[in-house]
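Inside the fold
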Amino acid sequence: MNINRRKFIKTGSAAVAGSVLIPPLIQSCQNLKVSENVKSYLDHFEVTVEMLQKVISTAMSRGGDYADLFFEHKISNSLGLEDGKVNRAYSNIDYGVGIRVLKGDQTGFAYSEDVTIKAMLNAAKMAAAIADNPGKFEKGNVVEKMPEEFYRIDKKWEDVSVKDKIPFVQKINDRVFSLDEKVIKVNAFLNDETSYVMYYDSEGKLTYDYRPLVSFGVVSIMQRNEQIENNYSARSFRKGFEWLSDDVVNELAQETVDKTNILFDATKPKAGEMPVVMGAGGSGILLHEAIGHTFEADFNRKGESIFSDKMGKKVAESFINIIDDGTLINNRGSLNIDDEGNEVQKTYLVKDGILNSYIHDRISSNYYGVDPTGNGRRESFRHIPIPRMRATYMETGPHTREEIFENVDYGVYVDNFSNGQVKIGAGDFTFFVKSGYLIEKGKLTQPIKDINIIGNGPQALADISMVANDFLIDNGTWMCGKGGQSVPVTCGLPSVLVKKLTVGGTSA
């Protein structure tokens, strides 16, 4: 069967009201022996091993040190509910190949939405222009790399129709309204995404990945007298349609109503420098933004990060361990391979308070003479891979949550962040806190809301004096932006005590 890919994309993109279909696989004519798994991906992208080798040879023809091909076929669907009805539906199909050539730490890159041999060779020639030392490239043997399986699913999203998804979005609307008479409006969404990825490089490595992703969320808007408040709850995983259930609907509905209700009696604390207890789970976004980015190797390689000269040195208390992990089962931030075809792993960035590793892609790992950590990530085939986090979290500590509170005479407890700004190199940050509690004489007292937390990430890390044993991953819809690219991530944290941060509230 020979299907014109552009015709397929045009047809598939119009399938807003129904399921998106993938065409039957086309049999490749390549003669080299590969497994049925690899063959299915070659057929999916309508290419052969010989074609891949020819494109790589062209990419390396100007004397590049290394080249790779990143094929991607992504199917995205979205449903939205407002005013009691599912009134928005969107589907998109994206397809193409990115071709990268490395010469030292310089990158040549081009992409094509057409994977015919002619189009790929033209893109390869453009990427090859980063180098100017023509030489003969000797293609090696194809080495097939079987990826890990960190997200097995039962039912693929591309096999599910819109009519099968709508009831869950409608149920969460109805459930939120049933939980509290103060609810005046509900917004809800259900997004799913399926990506087929194939990777081949000038070293002969050939590998692939199938990446499902689902995000389900709800906003409750409630009114008490003249006061209107809102809050948001969501979950996101690399799971299939089987994940959706009435239990998920009930959990999200109850959570968003509870979080909104807190705000009605919340006030602002007095502004100033004080101890801050970061709650388990979602507070990990501060760890990700204010600290995690400063561990990314490109910032350190260029001397832009405050940690660029601190490898092997003490940066935190000895009971603090910070990890970036791509191996958590069904986690939003996990990958079977990174976007450079490397194995992912659990990487200790800080081990027993000592800076242990940066977050590496291929360029930085070569620069530092270390193995890649599986953190080369890109938004799509239209982008180059750069060092990016996956699931970033702090391990459990030796204290209890109650012990932490007992050590605070006056401070704040925060666990619900909405947005913020970070100066990545130095780690200076400002975060907006949606809600939390005042801590007075070791006890949680008055709810608080709409405050800013201001500080410096590396200093905040050094000022963490207690870490509880209540570690929690926040499985929300976190996205990480860097270099004009966005990728899905997760974060986590046990409850921690930061000795002092600036809290922006009311005048003292």
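Quick look at the structure, then. Just so we're clear, the structure is a prediction, and the values are computed from it rather than from any experiment. (Residues numbered from 1 in each chain as written. Predicted model: local features only at pLDDT ≥ 70, side-chain atom pairs only at ≥ 80, totals over all residues. Heavy atoms only, no water.)

**Details of the layout of surface pockets**
The space that makes up the largest pocket amounts to roughly 1,000 Å³. Together, 38 residues line the largest pocket, and Lys 259, Gly 282, Asp 415, Asn 416 and Asp 474 are the ones closest to its centre. Residues of the lining of the largest pocket, tallied by class, amount to 16 nonpolar, 15 polar and seven charged. The computed volume of the second largest pocket comes to approximately 530 Å³. (1 Å grid on protein atoms, 1.4 Å probe; cavity = no way out; pocket = protein on both sides within 12 Å on 5 of 7 lines; lining within 4 Å. Points joined across faces, edges and corners; volume = space filled by probe spheres on them. Nonpolar A, V, L, I, M, F, W, Y, C, P; charged D, E, K, R; others polar.)

**Side note on empty space enclosed by the protein**
Within the structure shown, the criterion is met by five cavities of 30 Å³ or more. By volume, the largest cavity amounts to about 60 Å³. Lining the largest cavity, in full, are Met 278, Ser 283, Leu 286, Leu 287, Ile 291, Ala 460, Leu 461, Ile 464, Leu 493, Val 496 and Val 498. Of all the secondary structure elements, the ones that give two or more residues to the lining of the largest cavity are helix H7 (284-291), helix H11 (457-462) and strand S23 (496-504). Classifying every residue of the lining of the largest cavity by side-chain character gives ten nonpolar, one polar and no charged. (Helix = DSSP H or I, 4+ residues; strand = E, 2+ residues; numbered from the N terminus.)

**Structural notes on the packing of helix H5 (residues 162-179) against helix H6 (residues 246-262)**
For the pair H5 and H6, interaxial distance at closest approach is 9 Å and the crossing angle is 40 degrees. Comparing the axis directions of H5 and H6 gives the class oblique. Remark: the crossing between H5 and H6 carries right-handed chirality. Between H5, through Phe 168, Lys 171, Ile 172, Arg 175, Val 176 and Leu 179, and H6, the contact on the second element is made entirely by Asp 246, Val 249, Asn 250, Leu 252, Ala 253, Gln 254, Thr 256 and Val 257. Taken together, the residues of the contact of H5 with H6 break down into eight nonpolar, three polar and three charged. (Axes fitted to C-alpha atoms, helices over the stretch in contact; angles between N-to-C directions. Parallel < 35°, antiparallel > 145°, perpendicular 65-115°, else oblique. Left-handed = near helix turned anticlockwise from the far one by under 90°. Contact = heavy atoms within 4.5 Å.)

**Quick notes on H7**
For H7, the tally of buried residues reaches eight of eight residues, placing the bulk of the element in the interior. For H7, the complete set of buried residues consists of Gly 284, Ile 285, Leu 286, Leu 287, His 288, Glu 289, Ala 290 and Ile 291. (Buried < 20%, exposed > 50% of the residue type's maximum accessible area, 1.4 Å probe, protein only.)

**Some words on the packing of aromatic side chains**
Evaluated as defined, the whole model comprises 17 aromatic pairs. Seen in terms of ring centroids, Tyr 367 and Tyr 368 are 5.0 Å apart; in terms of plane orientation they differ by 80 degrees. Their pairing is edge-to-face. When the ring of Phe 429 is compared with that of Phe 431, the centres are 5.7 Å apart and the planes differ by 55 degrees; the resulting orientation is tilted. Judged by its relative accessible area of 2%, Phe 429 is buried. Here a set of aromatic residues connected by ring pairs shows up, and it is made of Tyr 41, Tyr 196, Tyr 208 and Tyr 210. In this arrangement the basic side chain of Arg 238 is found over the ring face of Tyr 151, its NZ or CZ atom lying 5.5 Å from the centre. (Phe/Tyr/Trp six-rings, centres within 6.5 Å; stacked < 30°, edge-to-face > 60°. Lys NZ or Arg CZ within 6 Å of the ring centre and 35° of its normal.)

**Section: the sheet that holds strand S10 (residues 346-351)**
If you trace the six strands from one edge of the open sheet to the other, you get S11-S10-S9-S14-S22-S19, paired in mixed fashion. Of all strands in the sheet, those with a lone pairing partner are strand S11 (354-355) and strand S19 (472-474), marking the two edges. Across three bridges, the pairing between strand S14 (residues 391-394) and strand S22 (residues 490-493) is parallel. Bridge pairing links Tyr 393 to Gly 492 in S22. Along the sheet, H7 makes contact with strand S9 (322-325), S14 and S22, crossing S22 at roughly 115 degrees. (Pairing = 2+ DSSP bridges.)

**Observations regarding the environment of Glu 440**
Along the chain, Glu 440 falls in strand S16 (residues 428-440). Excluding residues within four positions of it along the chain, Glu 440 makes contact with Asp 409, Tyr 410 and Thr 445.

**Some remarks on unusual backbone geometry**
Positive phi outside glycine occurs at Asn 225, with the angle close to 55 degrees. Tracing the sequence through the fold places Asn 225 in the loop between strand S6 (205-224) and strand S7 (227-237). Taking the relative accessible area as the measure of exposure, Asn 225 reaches 67% and is therefore exposed. Notably, Asn 330 is not glycine yet its phi reads approximately 60 degrees, a positive angle.

**Considerations on the environment of Asn 300**
Mapped onto the elements, Asn 300 comes out in helix H8 (residues 297-301). On the basis of relative accessible area, Asn 300 is assigned to the buried category, the value being 3%. Separated by eleven residues in the primary sequence, Asn 300 and Met 311 have C-alpha atoms spaced 10.0 Å apart. Other than its neighbours up to four places away in sequence, Asn 300 contacts Thr 294, Phe 295, Ser 305, Phe 307, Ser 308, Tyr 358 and Tyr 368.

**What to know about the side chain of Ser 283**
Of note, Ser 283 is situated in the loop between strand S8 (272-278) and H7. The contacts of Ser 283, once residues within four sequence positions are left out, are Met 278, Val 414, Asp 415, Phe 417 and Leu 493.

**A look at H6**
Taking 1.5 Å of rise per residue, 17 residues should cover 24 Å, and H6 covers 25 Å from first to last C-alpha, within 8% of that figure. Restricting attention to buried positions, one finds in H6 the residues Val 248, Val 249, Leu 252, Ala 253, Thr 256, Val 257 and Thr 260. Angular distribution of buried residues about the axis of H6 spans 150 degrees; they occupy a single face of the element. (Expected span 1.5 Å × (residues − 1). Arc of directions from axis to C-beta.)

**Here's the deal with the nonpolar core**
Core analysis: the biggest nonpolar cluster contains 46 residues, and Met 278, Phe 295, Met 394, Val 414, Ile 453 and Leu 461 have the highest contact counts within it. Broken down by element, this core gets its largest block of residues, five residues, from H7. (Core = buried A, V, L, I, M, F, W, Y, C linked by side-chain atoms within 4.5 Å.)

**Observations concerning the pairing of S6**
Within a regular strand, the side chains alternate between the two sheet faces. Within S6, 17 of the 20 residues are buried, which leaves the element mostly enclosed by the surrounding structure. Here strand S4 (residues 143-144) runs beside S6; their pairing, made up of two bridges, is parallel. From the neighbouring strand, Glu 144 faces S6, where its bridge partner is Leu 206. Pairing between strand S5 (residues 183-201) and S6: 17 bridges, direction antiparallel. When the bridges of S6 are listed, Lys 185 appears paired with Ile 221. Sheet topology note: the S6/S7 ladder contains eleven bridges and is antiparallel. Residue pairing in the sheet places Phe 216 in a bridge with Arg 235 of S7. In this structure, the hairpin formed by S6 and S7 is closed by a connection of two residues, where Asn 225 is found at a positive phi of approximately 55 degrees.

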